[in-house]
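# Structure at a glance
Read off the chains here:
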Amino acid sequence: MERIIVGVDGSSASYDAVTWALAHAKERGSELQIVHVYGPSGDQNPYTSSYADAGSKTAKRLTDSEAKWREEQQAKVKEHGERVVKQVVDGVENSDPKTVIKTDVIASSRPAQALIERARDADLLVVGSRGRGGFKGLLLGSVSQQCVQHATCPVVVVRSKDAKDAKDAKGAKKR
């Protein structure tokens, strides 16, 4: 059975990617694996600026508190990722009970690398495009660009309907 990996981040582009991948999976009788990659929490760590002596009881207490805080933040971020995947799965219609849909939430600060690794033995990797291009795309490093360049399986980049609609509306205003 073929296996299709689709990366999601909760954006409209990722919904479009899942919709496309699901239709493709139904046609081919493939298994669909929906993957969300989450990185470390961006919240400010209240314990990093400790001036406590490294060997003191205060330093140990702060280190233990920081470890607990980090665990709590990671749990929150993972929970958010699981909600994203659930919303995406709930948001697409799977009318074919033969189509197997699996989900996965991966902790990594490098989404493209995690998707590429997950798709190593897959038949297809599907990702959405947020439409960020040009110079911004070069500066920020697009996940879809990295997947296209480095994946060992074929990659489909599904352009968001929202991006197409916005481009069409912009073109209509110029006429």
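Please refer to the structure higher up on the page.
In short, a report on the structure. Source: prediction; values computed, not measured.

### Focus on the sheet that holds strand S1 (residues 3–7)
Reading across from one edge, S3-S2-S1-S4-S5 is the order of the five strands in this open sheet, with parallel pairing throughout. What marks the edges here is a single partner per strand, and that holds for strand S3 (101–107) and strand S5 (155–159). The sheet shows a mean angle of 25° between the axes of neighbouring strands, taken without regard to direction.

### Re the pattern of salt bridges
Taken as a whole and assessed by the stated rule, the structure comprises seven salt bridges. Arg83 serves as the salt-bridge partner of Glu79, at 3.2 Å between the closest nitrogen and oxygen. Residue Glu79 and its partner Arg83 are both found in helix H2 (residues 57–91); the two are separated by four residues, about one turn of the helix. Look at Glu79 and you get partly exposed, because its relative accessible area is 46%. Residue class for Arg83 comes out partly exposed when judged on its relative accessible area of 42%.

### Some points on the state of the cysteines
Under the definition given, this model contains zero disulfides. Not engaged in a disulfide, the cysteine Cys147 finds its nearest cysteine sulfur in Cys153; these two sulfurs lie 8.9 Å apart. For Cys147, a relative accessible area of 0% gives the class buried.

### Structural notes on helix H3 (residues 111–118)
Looking at H3, one finds that the buried residues are Ala112, Ala114, Leu115 and Ile116. Against S1, strand S2 (31–38), S3, strand S4 (124–129) and helix H5 (143–150) lie the buried residues of H3.

### Topic: the nonpolar core
Counting residues in hydrophobic clusters, the biggest one holds 17 residues, and the most contacted among them are Ile4, Val6, Val18, Leu32, Ile34 and Val126. For this core, the secondary-structure elements that each account for two or more residues are S1, helix H1 (12–28), S2, H2 and S4. For this core, the element with the most residues is H1, which contributes five residues. In this view, Ile34 contacts Val6, Val8, Val18, Val85, Val89, Ile101, Lys102, Thr103 and Asp104; residues no more than four positions away in its chain are not counted. Membership of the second largest hydrophobic core comes to 15 residues, among which are Ala112, Ala119, Val127 and Ala151.

### Focus: the side chain of Ser30
Relative to the helices and strands, Ser30 is located in the loop between H1 and S2. With near-sequence residues (within four places) excluded, Ser30 lies in contact with Met1, Glu2, Ile4, Ala25, Thr99 and Val100.

### Focus on the packing of H3 against H5
Running from N to C, H3 and H5 cross one another at 40°; their axes reach a closest spacing of 9 Å. Considering only the axes of H3 and H5, their crossing is right-handed. Between H3, through Pro111, Ala112, Leu115 and Ile116, and H5, the contact on the second element is made entirely by Val143, Gln146, Cys147 and His150. A class-by-class count of the residues in the contact of H3 with H5 yields six nonpolar, two polar and no charged.

Conventions adopted
- Per chain, residues are indexed from 1 in the order of the written sequence.
- Totals for whole chains, interfaces and linings use all residues, but because this is a predicted model, local features are given only for residues with pLDDT of at least 70 and pairs of side-chain atoms are given and counted only at 80 or more.
- As a rule here, side-chain values cover all heavy atoms of the structure and leave hydrogens and water aside.
- For two strands to be treated as a pair, DSSP must find no fewer than two bridges joining them.
- The helix and strand labels rest on DSSP assignments: H or I over at least four residues marks a helix, E over at least two residues marks a strand, and numbering proceeds from the N terminus.
- Axis lines are fitted to C-alpha atoms, over the contacting stretch for helices. Their N-to-C directions set the angle, which ranges from 0 to 180 degrees.
- The salt bridge criterion pairs a side-chain nitrogen of Lys or Arg with a carboxyl oxygen of Asp or Glu, the two atoms within 4 Å.
- Summary of the burial criterion: residues with accessible area below 20% of their type's maximum are buried, those above 50% are exposed, and those between are partly exposed, where the area comes from a 1.4 Å probe applied to protein chains only.
- Throughout, a disulfide means two cysteine sulfur atoms within 2.5 Å of one another.
- It only takes one pair of heavy atoms within 4.5 Å for two residues to be counted as in contact.
- Definition of nonpolar core: a set of buried residues of the types Ala, Val, Leu, Ile, Met, Phe, Trp, Tyr and Cys, connected through side-chain atoms within 4.5 Å.
- For any helix crossing, the convention is left-handed if the near helix is rotated counterclockwise from the far helix by under a right angle, and right-handed if that rotation is clockwise.
- By the convention adopted, Pro, Cys, Tyr, Trp, Phe, Met, Ile, Leu, Val and Ala count as nonpolar, Lys, Arg, Asp and Glu as charged, and the other residues, Gly among them, as polar.

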